[in-house]
Amino acid sequence: MEEKKRIFSGIQPSGALTIGNYLGAIQNWVKLQEDYQSIFCVVDMHALTVRQVPAELRRRTYETLAIYIASGIDPEKCTLFVQSHVPCHAELAWILNCYTMFGELSRMTQFKDKSAKHADNVNAGLFTYPSLMAADILLYQADLVPVGIDQKQHIELTRDVAERFNGIYGQTFTIPEGFIPENSKKIMSLSDPTKKMSKSDENPNGFVALLDDRDTIIRKLKRATTDSGSEVVFAEGKDGINNLINIYSCFSGKTIKEIEREFEGKGYGFFKAAVAETVADSLAPVHAEFDRLMADKPYLESVMKNGASQAFGMARKTLSKVYRKVGFTQI
Ligand code: ATP
Ligand code: LTN
């Protein structure tokens, strides 16, 4: 039998996960897990590049794992683990740092955005964040990395560094590709639809958190900023309504054309209410399963432990190969 291709992806436990994370990442993982050998990580080491409250980071690490499972990621089919439980990530990140150029890291837009946002804490980890992400992906020889479009630049850097390393030492790493689905690649903020919806937005009205209760979900979506028009039509420059059409399309499975037909002559208010109901209904079963999982910490810990030991087995193989190639002694 032909071996399945591998996918790797992760989300930082740096805030309450939003429907942007859900549609841009998790929903695609759920589909891909059937056809790929899948490895999904809670990237807590990446979250540390921005100051975190320790107890909250710990709680969110459990929550993020519970959301993966509640959304339909099956721990029996996939490897699910927490980044800091597998030390190979930090070890390979160091090596890759030595093959990644200062200029390359300086060009990363996420670094520029985050250093502007956290001007009092532009730490070295924030700068070398992409080397740790490259280590995550390359350790598992992943073929595909399902992410939102904001991560495209980091994946390109990962490919460049992997090619550079392979060029010097011979075939070591699989060159990964991004998997960026068209309609969910960038869900925009509800308060400013020219900006990406982000879990670390200070304005909670900009995002719908996966764990927001039904009334909050409905209120936020009904209040979403839209332009002065009234027709539910996907059109250039109408960022607010385009975003809501996209969100509705992702949750309902309907195409944009079908949505335009469904809401012809109905106006924005009516449409927003329908989007709100659909999103709230779709998330209700995720909420219920999430609550059940969070009440069973021993189960979540058993998933973490199992996942870490599977991940370590795969990661260690790549790391040993790298250590040998660069000339480290082995005892
Ligand atoms: P932060 O605000 O803390 O920087 P974030 O909300 O951007 O975080 P990440 O942990 O950086 O989330 O991203 C996890 C995954 O979710 C990535 O694959 C990313 O591309 C995807 N993602 C995040 N926000 C969106 C969005 N608004 N639309 C589509 N995909 C998204
Ligand atoms: N940088 C990513 C999170 C992330 C990731 C990864 C995604 C860390 N390591 C490996 C895919 C593969 C982000 O979304 N900010």
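Whatever comes next refers back to the structure up there.
A brief report on the enclosed structure follows. Just so we're clear, the structure is a prediction, and the values are computed from it rather than from any experiment.

## A short note on the pairing of strand β2 (residues 37-42)
Then comes step 1: β2 sits mainly inside the fold: five of its six residues count as buried.
Then comes step 2: When strand β1 (residues 6-11) meets β2, the two strands line up parallel, connected through six bridges. In the strand pairing of β2, Arg6 is matched with Gln37.
Then comes step 3: Between β1 and its parallel partner β2, the chain crosses via helix α1 (residues 19-32), and the hand of that crossover is right-handed.
Then comes step 4: In the sheet, β2 pairs with strand β3 (residues 79-82) via four bridges, with the strands oriented parallel. Across the sheet, Cys41 pairs through a bridge with Phe81, a residue of β3.

## Considering the pattern of salt bridges
Then comes step 1: With the rule as written, the count across this model stands at 13 salt bridges.
Then comes step 2: Here Lys185 makes a salt bridge to Glu182, at a shortest N to O gap of 3.0 Å.
Then comes step 3: What makes Lys185 partly exposed here is its relative accessible area of 25%.
Then comes step 4: We classify Glu182 as exposed; its relative accessible area is 59%.
Then comes step 5: Ionic pairing is found between Lys254 and Glu262, a salt bridge with its closest N-O pair at 3.0 Å.
Then comes step 6: According to the relative accessible area criterion, Glu262 is partly exposed, its value standing at 31%.
Then comes step 7: Linked through salt bridges whose partners overlap, the residues forming this network are Arg214, Glu277 and Asp281.

## Observations regarding the packing of aromatic side chains
Then comes step 1: With the rule as written, the count across this model stands at 17 aromatic pairs.
Then comes step 2: Between Trp29 and Phe40 the ring centres are 4.4 Å apart and the planes differ by 5°, which places this aromatic pair in the stacked class. A residue pair is termed long-range when its members are at least 10 positions apart, and Trp29 in helix α1 and Phe40 in strand β2 qualify at 11 residues.
Then comes step 3: Using a relative accessible area of 0% as the deciding quantity, one classes Trp29 as buried.
Then comes step 4: Taking 5.1 Å as the distance between ring centres and 55° as the angle between the ring planes, the aromatic pair formed by Phe165 and Phe173 counts as tilted.

## Some remarks on the site of ligand 1
Then comes step 1: Around ligand 1 sit 21 residues in total, of which Lys114, Asp150, Lys196, Ser198 and Ser200 are the nearest.
Then comes step 2: Within the backbone of Met197, an N or O atom sits 2.9 Å from a nitrogen atom of ligand 1.
Then comes step 3: A distance of 2.5 Å separates an oxygen atom of ligand 1 from a polar atom in the side chain of Ser198.
Then comes step 4: Here ligand 1 loses 97% of its free accessible area of 600 Å² to cover by the protein chains.
Then comes step 5: The dominant element in the shell around ligand 1, judged by the number of residues it contributes, is α1, at four residues.
Then comes step 6: Looking at the shell around ligand 1, its residues break down into five nonpolar, 10 polar and six charged.

## Brief notes about the nonpolar core
Side chains that are nonpolar tend, in soluble globular proteins, to be buried together.
Then comes step 1: Ile19, Tyr68, Leu221, Ile247, Phe271 and Val279 are the most contacted members of the largest nonpolar core, which totals 60 residues.
Then comes step 2: Broken down by element, the residue count for this core peaks at 12 residues, all from helix α12 (residues 267-294).
Then comes step 3: The next biggest cluster of nonpolar side chains, apart from the first, holds 42 residues, and it includes Met133, Ala162, Ala308 and Val322.

## Observations concerning the environment of Ser115
Then comes step 1: Mapped onto the elements of the fold, Ser115 is located in helix α6 (residues 109-117).
Then comes step 2: Residue classification places Ser115 among the buried residues on the basis of a relative accessible area of 14%.
Then comes step 3: When the C-alpha atoms of Ser115 and Val50 are compared, they prove to be 9.7 Å apart, with 65 residues separating the residues in sequence.
Then comes step 4: If we ignore the near neighbours within four places in the chain, the residues touching Ser115 are Val122 and Leu126.

## Considerations on helix α3 (residues 54-70)
Then comes step 1: Here α3 contains 17 residues, and its C-alpha end-to-end distance of 24 Å stays within 8% of the 24 Å for a straight helix at 1.5 Å per residue.
Then comes step 2: Across the 17 residues that make up α3, a large majority, 12, are buried.
Then comes step 3: Of all the residues in α3, the buried ones are Leu57, Arg60, Thr61, Tyr62, Glu63, Thr64, Leu65, Ala66, Ile67, Tyr68, Ile69 and Ala70.
Then comes step 4: Immediately beyond the C-terminal end of α3, within one or two residues, lies Gly72, with a positive phi of roughly 120°.

## A few points about the side chain of Ser249
Then comes step 1: With respect to the helices, strands and loops of the structure, Ser249 is situated in helix α10 (residues 239-252).
Then comes step 2: Ser249 gets classed as buried once you look at its relative accessible area, which sits at 7%.
Then comes step 3: Not counting the four nearest positions on each side in its chain, Ser249 is found in contact with Asn183, Lys254 and Ile259.

## Observations concerning the state of the cysteines
Then comes step 1: Evaluated as defined, the whole model comprises zero disulfides.
Then comes step 2: Sulfur of Cys98: no disulfide; nearest cysteine sulfur belongs to Cys88 and is 17 Å away.

## So, the packing of α3 against helix α13 (residues 297-326)
Then comes step 1: Where α3 contacts α13, the two axes come as close as 11 Å, and the packing angle between them is 85°. By the angle between their directions, the pair α3 and α13 is classed as roughly perpendicular. Where α3 abuts α13, its residues Tyr62, Leu65, Ala66 and Ile69 lie against Lys297, Tyr299, Leu300, Glu301, Val303 and Met304.

Analysis parameters
Residues numbered from 1 in each chain as written. Chains lettered and ligands numbered in written order. Predicted model: local features only at pLDDT ≥ 70, side-chain atom pairs only at ≥ 80, totals over all residues. Heavy atoms only, no water. Buried < 20%, exposed > 50% of the residue type's maximum accessible area, 1.4 Å probe, protein only. Helix = DSSP H or I, 4+ residues; strand = E, 2+ residues; numbered from the N terminus. Pairing = 2+ DSSP bridges. Right-handed = clockwise from strand over helix to strand, strands pointing away. Salt bridge = Lys/Arg side-chain N within 4 Å of Asp/Glu carboxyl O. Phe/Tyr/Trp six-rings, centres within 6.5 Å; stacked < 30°, edge-to-face > 60°. Near = heavy atom within 4 Å. Polar contact = N/O pair within 3.5 Å; in protein donor to acceptor, adjacent residues only side chain to side chain. Areas by Shrake-Rupley, 256 points an atom, 1.4 Å probe, with all protein chains shown as cover. Nonpolar A, V, L, I, M, F, W, Y, C, P; charged D, E, K, R; others polar. Core = buried A, V, L, I, M, F, W, Y, C linked by side-chain atoms within 4.5 Å. Contact = heavy atoms within 4.5 Å. Expected span 1.5 Å × (residues − 1). Disulfide = S-S within 2.5 Å. Axes fitted to C-alpha atoms, helices over the stretch in contact; angles between N-to-C directions. Parallel < 35°, antiparallel > 145°, perpendicular 65-115°, else oblique.

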